[in-house]
Structures are given as C-alpha cells and as structure tokens.
Amino acid sequence: MKQKNKFLLSFSLLLMPFMALAQADSISKLSLNNFMSMVKKNHPVAKQAELILKSAAANELAARGAFDPKLFYDFNNKFYESENYYALGNGGFKIPTWFGVELKGGFENNDGSYLNPENNLPDDGLIYAQISLPVLQGLIIDERRATLKQAKVFQDLSQIEKINILNKLLYDAGKVYWDWTLAYNNLQVYSNAVSISEERFKAMVKTSALGDRPAIDTVEANIQLQERIISQQQARMDYRTKSLLMSNFLWLENDVPIELTENTIPESNNTSNENLLDVNVNEIDSLINIHPELRVYEFKLQQLSIEEKFKQDKLKPLVNLNYNPLFNSENKNSNYFDNYKWGVTVGFPVFLRKERGDLQMTRIKIMDNNFETINKRNELINKTKTTINEYNNYKTQIDIYTKNVNNYQRLWQSEKRLFESGESSLFMINSREMSYINAQVKLNDLINKNQKAALDAEFSFGQINSKY
C-alpha cells in the first residue's frame, strides 16, 4: 500500500505542471495533449523505438569496420635434430580503401639451412609494399562498399520505423483516452440523473404524507431511483475499467507504471484540429507521398538497388593486379623501381548460374517492393478519405443531435413545470426525463466517435507523432 501511495504521489507531482485545477473541488484535469506527451516520453515502447536508432548506428559502425587497417604477422619455424631448417617471418599491415584498392606494407625476415630459394632474402630482411587493384569485378562496387551503403540507408530507415512505432503507440493511447472521456461523461449524466431522482423521491414522500400525492407515487419514484442508481453503478464500473486501461500507458521516467487517481478527470475542452484536417483533404496526394509507412518501401528500394548493383558487378570477370615494390636496405644505390614483384589474378565462372540467379532474385525483390508500394499507397489514400468522411459525417450528426438534446431538455423542463402545477403525472415526467438522459448518452457516443475519427484521420496521414 505504501508503494502504491508512493506511485500515486509521484504521478501527481509529475502531472502538476500540466494540469489545471477546477475551482470547486480541486479536481486535476488531464488533457489529451498532456497525456500523449507523457506516453511519448516515458512509455517503454517509445523507449524501445529509440533502440532502433542505436541499433542502426551500431550496424553502420560494424560496416565501417570493414575498412579498418589491420595488422598481421606470420611466423613458421622448422627445427629438426638440432638444426634450424627454416624460420620464416612476415609482418605488416593492410589498408582497405573506399575505391577498392588495397594497400599493404610489411617486413620479411627469413633464415635457415634449407630455405626455399624464393625465400632467400638479404641478411637484414626485406621491406616491401603492395598495391592490389581490381580491374573489372570490384572496381565500382564490392561487398564492403555495398554493406556500408546499405547500413547508411538503414539509419534513415530506422528513423522512419521509429516514427511508425510512435504513431501506432500514440494512436492506441488516443483511442483509450477518448473511451475514458466517454465513460466519464456518461458517469456524469447518470450521476446527475440519480441526484434528480433522489430529490423527487424525497418530495414524493413529503407530499404523500401531506395527502397531496397518492402513496403509490412514492413507490414509482423509488423504483425509478433504484434503476438509475444501477445505471450509475454500471457507468462507474465502466469508468474505472477505462481508467485502468489508461494506466497501461502511464509510466514514470524510471520505468515505473502508475495508476490514475480518482481525482484525475479528462479535460472538458479537448477539441480536434479541424484546420489540420481541412488542409490534409486538399493535399492528400502530397501528404501520402511522405507518409512514414510508405517511405519504408522507399528506403527498402534504395537498399535493394545497392544490392542489384553489387550482383551485377559479380557478372564481370575477376581480374586483380598486384604490384609489390621491394626495398633492399643493403644496396643503397639501387632504384626503388628496379626491385619488384607483380602478378595478376583472373577468375570467371563458366556458366554464371549462381551470379545470374542471385541477380534475378534481387530484381524480383525490387518488383515485389514496387507492387507493395503501389498497393500501400492506394490503401493509405482510401483509408484517409474514409476517415475524413467519417469525421465530417459524425460532425454533422453532432450538430443535428445537439439540437435534439436541447429539445428533449425543453420537453422535460416543460413536463416538470406541469408536474409541479399538478397537471402531469409522475409517469410522464419520468418518461421525458429518461428520453433526455438517453439523448445525452447518445450525444456523448457521437462525440466520442467523432473524436476517434479525427484520430483515425491523423493516423492515416502518419502525423500523430509530429503533433504531440
């Protein structure tokens, strides 16, 4: 219990900068903007989205490692029957470059009674250098360069994937918030109905005792009161359930889950950004083109294009030229270019079946990605139009039904005056009152659907993350 109170206290302190206090009873009001900001900042899924960026950075770092200079040293020695047959030592460094050229430098020092003639070196050893140049395959692109290019694209892709995760998280949180608001508003309606029924029941008891009303009216008033108490209890249970669902999205900065207090209620003046929706309607195509879900396919295509170039390069013959200038420290007068080794390495698969098959598979992936892009774009456009139509439709229904609620209220108030003057019955006023209550609940439901439709429209444009 102490731990729970600690969480609630921490939650209250956390919300203090964001909440306004009601004048009457100091109830804390939680607005949609503040709720969404807390979710975006502290929710574990939001923090997991940040890990995608770190993973992409680590992936690029690993790809850059393919261009790191490398030190090497090889030593082989044969010693048999107290005689040194040979001792071969070769050490140095390799430097891969972005242009496919590989630089190499080292020092050889060999000794022994039975050296292979080609391993004979000056007594002080031999310093050498090497330049390896791919002439055909690997000149324009190779596996190292392709991997690094794809890693850079993956970093951009990770930014978009992060946005998509946050959009989905905020979308789910927003729906729960509006359901919580609906449950609270319905609870207010039924609580007000209970208060009215309690006053009427007390009045019936008094007037019945004085003989102004028949005793049976007190029974009917009591039945009506009990029914509305049951409705109020159901509404309160629904509100508590929705509050617990809200708590699923509420976390402290130190990854501690928290619960909504009973003194926290939704802000009554939450409104949707109608101007944003109006602008979006006029710019659907341009906004869909930058939709984060659609841009995922754009970056995947970039990665596949890099892979295609690499696979195409594998169709070329392998021709590598190697040039090794040798430096003899014993002969100071020799020209550096007089001593050298050089060679050429050539390779070419006869049928190229593996290479052609890999290239075909990559091109199939590109075609598949293009089809998915077209389909996804069409889905997003249709979804956006649908959500905007729903938003406008519910908005129109709200305008119409608000007038109905006012008319139901007028009928109820008129019947109330007739009842007070003795010209109406308890049955009629209860009927008018019940119609007014049901109308308020239906209006709340329409407002909830309108608010969710606005959220759907923002989600269909992929803009929830940028709004909150």
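A brief report on the enclosed structure follows. (Residues numbered from 1 in each chain as written. Predicted model: local features only at pLDDT ≥ 70, side-chain atom pairs only at ≥ 80, totals over all residues. Heavy atoms only, no water.)

**Quick notes on the packing of helix H2 (residues 32–42) against helix H4 (residues 143–210)**
Where H2 contacts H4, the two axes come as close as 10 Å, and the packing angle between them is 140 degrees. Taken as axis vectors, H2 and H4 run oblique relative to one another. When you trace H2 past H4, the crossing you get is right-handed. Note on element contacts: H4 touches H2 through Leu166, Leu169, Leu170, Ala173, Gly174, Tyr177 and Trp178, opposite Leu32, Phe35, Met36, Val39 and Lys40. Taken together, the residues of the contact of H2 with H4 break down into ten nonpolar, one polar and one charged. (Axes fitted to C-alpha atoms, helices over the stretch in contact; angles between N-to-C directions. Helix = DSSP H or I, 4+ residues; strand = E, 2+ residues; numbered from the N terminus. Parallel < 35°, antiparallel > 145°, perpendicular 65-115°, else oblique. Left-handed = near helix turned anticlockwise from the far one by under 90°. Contact = heavy atoms within 4.5 Å. Nonpolar A, V, L, I, M, F, W, Y, C, P; charged D, E, K, R; others polar.)

**Quick look at helix H9 (residues 353–420)**
With 68 residues, H9 extends 96 Å from end C-alpha to end C-alpha; this agrees with the ideal 100 Å at 1.5 Å per step. A positive backbone phi angle near 85 degrees is found at glycine 422, which sits one or two residues after H9. (Expected span 1.5 Å × (residues − 1).)

**With respect to a nonpolar patch on the surface**
A contiguous nonpolar surface patch, about 930 Å² in accessible area, is contributed by Leu133, Val135, Leu136, Leu139, Ile140, Leu321, Tyr340, Trp342, Val344 and Val346. Top element by residues in the nonpolar patch is strand S9 (residues 340–347). It accounts for four residues. Looking at the element boundaries, isoleucine 140 is found in the loop between strand S6 (126–134) and H4. (Patch = residues over 30% accessible without salt bridge, like charges linked within 9 Å, V, L, I, M, F, W, Y side chains within 5 Å. Areas by Shrake-Rupley, 256 points an atom, 1.4 Å probe, with all protein chains shown as cover. Salt bridge = Lys/Arg side-chain N within 4 Å of Asp/Glu carboxyl O.)

**A few points about the pattern of salt bridges**
Two side chains of opposite charge can pair, provided their charged atoms sit close to one another. By the definition in use, this model includes 18 salt bridges. A salt bridge links glutamate 293 to lysine 376, with the nearest nitrogen and oxygen atoms 2.9 Å apart. With glutamate 293 in helix H8 (residues 292–313) and lysine 376 in helix H9, the pair connects residues that are 83 residues apart, well separated along the chain. Accessibility expressed as a relative area gives 24% for glutamate 293, which makes it partly exposed. One network of salt bridges, in which partners are shared, links Arg200, Arg228 and Glu433. (Buried < 20%, exposed > 50% of the residue type's maximum accessible area, 1.4 Å probe, protein only.)

**Section: the packing of aromatic side chains**
By the definition in use, this model includes eleven aromatic pairs. Summarising the aromatic geometry, the rings of phenylalanine 67 and tryptophan 98 are spaced 5.6 Å apart at their centres and angled 40 degrees between planes, so their arrangement reads as tilted. You can see phenylalanine 67 sitting in the loop between helix H3 (44–64) and strand S3 (70–80) and its partner tryptophan 98 sitting in the loop between strand S4 (83–96) and strand S5 (102–111), a full 31 residues away along the chain. Its relative accessible area of 15% is what places phenylalanine 67 among the buried residues. Aromatic pair tyrosine 177 and tryptophan 178: ring centres 5.4 Å apart, planes at 75 degrees, arrangement edge-to-face. Taken as a pair, tyrosine 177 and tryptophan 178 share a single burial class, namely buried. (Phe/Tyr/Trp six-rings, centres within 6.5 Å; stacked < 30°, edge-to-face > 60°.)

**As for the sheet that holds strand S8 (residues 318–327)**
The strand order across the open sheet built from six strands is S3-S4-S5-S6-S8-S9, with neighbouring strands paired in antiparallel fashion. Whereas interior strands pair on both sides, the edge strands pair on one side only; in this sheet they are S3 and S9. Taking the axes of each pair of neighbouring strands and ignoring which way they run, one obtains an average angle of 15 degrees across the sheet. Across seven bridges, S5 lies against S6 in antiparallel orientation. When the bridges of S6 are listed, glycine 105 appears paired with alanine 129. (Pairing = 2+ DSSP bridges.)

**Re the nonpolar core**
Phe35, Met36 and Met246 are the most contacted members of the largest nonpolar core, which totals 39 residues. Broken down by element, the residue count for this core peaks at 15 residues, all from H4. Judged by nonpolar contacts, the second largest core, of 17 residues, contains Tyr391, Tyr394, Val405 and Leu426. (Core = buried A, V, L, I, M, F, W, Y, C linked by side-chain atoms within 4.5 Å.)

**What to know about unusual backbone geometry**
One non-glycine residue, serine 82, lies in the positive phi region at around 65 degrees. Topologically, serine 82 is positioned in the loop between S3 and S4. We note that leucine 352 has phi near 55 degrees; this positive angle belongs to a residue other than glycine. Along the chain, leucine 352 turns up in the loop between S9 and H9.

**Considering the pairing of S8**
In the sheet, S6 pairs with S8 via six bridges, with the strands oriented antiparallel. Its bridge partner being in S8, isoleucine 127 is matched across the sheet by phenylalanine 327.

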